[in-house]
Each structure stands twice: as structure tokens, then as C-alpha cells.
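Chain by chain, the residues:
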Amino acid sequence: MAKHGKGYLNAGFGWLINLILAIIPVTSWLLGGITRISRGHLIAGILQLLLIGEVIFFFVDLVTVILSGDLRIFA
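The rules we used
Residues numbered from 1 in each chain as written. Predicted model: local features only at pLDDT ≥ 70, side-chain atom pairs only at ≥ 80, totals over all residues. Heavy atoms only, no water. Helix = DSSP H or I, 4+ residues; strand = E, 2+ residues; numbered from the N terminus. Buried < 20%, exposed > 50% of the residue type's maximum accessible area, 1.4 Å probe, protein only. Axes fitted to C-alpha atoms, helices over the stretch in contact; angles between N-to-C directions. Parallel < 35°, antiparallel > 145°, perpendicular 65-115°, else oblique. Left-handed = near helix turned anticlockwise from the far one by under 90°. Contact = heavy atoms within 4.5 Å. Nonpolar A, V, L, I, M, F, W, Y, C, P; charged D, E, K, R; others polar. Salt bridge = Lys/Arg side-chain N within 4 Å of Asp/Glu carboxyl O. Expected span 1.5 Å × (residues − 1). pLDDT = per-residue confidence, 0-100. Polar contact = N/O pair within 3.5 Å; in protein donor to acceptor, adjacent residues only side chain to side chain.

For L30, the position within the fold is in helix α2 (residues 25-38). Since its relative accessible area comes to 37%, L30 is described here as partly exposed. Each C-alpha atom of the pair L30 and G12 lies 17 Å from the other, and the pair is 18 residues apart in sequence.

So, in C-alpha cells, the structure goes:
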């Protein structure tokens, strides 16, 4: 498995930056999909980018960033 940073785009942004990005729906949708695809979770990334379950992914991203400081993959 490839080594990756924490949060969106595997860039290792701080917890606060990831939280701000997770709160904004457009960035949560776009960066979440790109991050999932780059971590090898192709199906979850495509589902998020196609707006299927957008609200579900938005809340999952928001909760996991708040609790762990990282974007978790639940697919």
C-alpha cells in the first residue's frame, strides 16, 4: 500500500485546514473524491464524484475529520 499523508489530497494539512475544507460542500465533494481515488478506492471516489450519496459522503467526511483529523474510507 502506498504511503500517504493525512487529510485531503494526502497533503498532510493541519487538522483545522482539513476541517475547513470538510465544512465547505464543494471542496468536500471534489477533494474527497480525488483523495479516495488517489488512495486506491476507485469505486468510492467515483460514487462521490457522480453525486451518488453526496450527503452521506459529506457527513462521513465531516465526522471523520473532526474525530480523527483524517479522511476515512468506508466503502
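What follows picks up the thread again.
A separate point is the packing of helix α1 (residues 15-23) against helix α4 (residues 54-68). Close contact between α1 and α4 brings their axes to 9 Å; oriented N to C, the two are set at 165°. One way to sum up the angle between α1 and α4 is to call them roughly antiparallel. Crossing angle aside, the handedness with which α1 passes α4 is left-handed. Across the interface between the two elements, W15, N18, L19, A22 and I23 of α1 pack against F58, D61, L62, V65 and I66 of α4. Looking at side-chain class alone, the contact of α1 with α4 contains 8 nonpolar, 1 polar and 1 charged residues.

This model, assessed by the stated rule, comprises 2 salt bridges. When the shortest N-O distance is used, the salt bridge between D70 and R39 registers 3.0 Å. Note that D70 is positioned in the segment after α4 and R39 in the loop between α2 and α3 (42-49), a separation of 31 residues in sequence. A relative accessible area of 7% places D70 in the buried class.

Next up on the list: α4. Helix length check: α4 (15 residues) gives 21 Å between terminal C-alpha atoms against 21 Å at 1.5 Å per residue, within 8%. Looking at α4, one finds that the buried residues are F57, F58, D61, L62, T64 and V65. Packing partners of the buried residues in α4 comprise α1, α2 and α3. Positive phi shows up at G69, right after α4, with a value of about 75°.

The predicted model of the chain averages 83 in pLDDT, with 91% of residues at 70 or higher. Across the chain, α2 holds the top mean pLDDT of 90, while α4 sits lowest at 84.

As for its placement among the helices and strands, N18 is situated in helix α1. Judged by its relative accessible area of 0%, N18 falls in the buried class. A polar atom in the side chain of N18 sits 3.2 Å from the backbone nitrogen of Y8. Not counting chain neighbours up to four residues away, the residues in contact with N18 comprise K6, G7, Y8, F13, V65 and G69.

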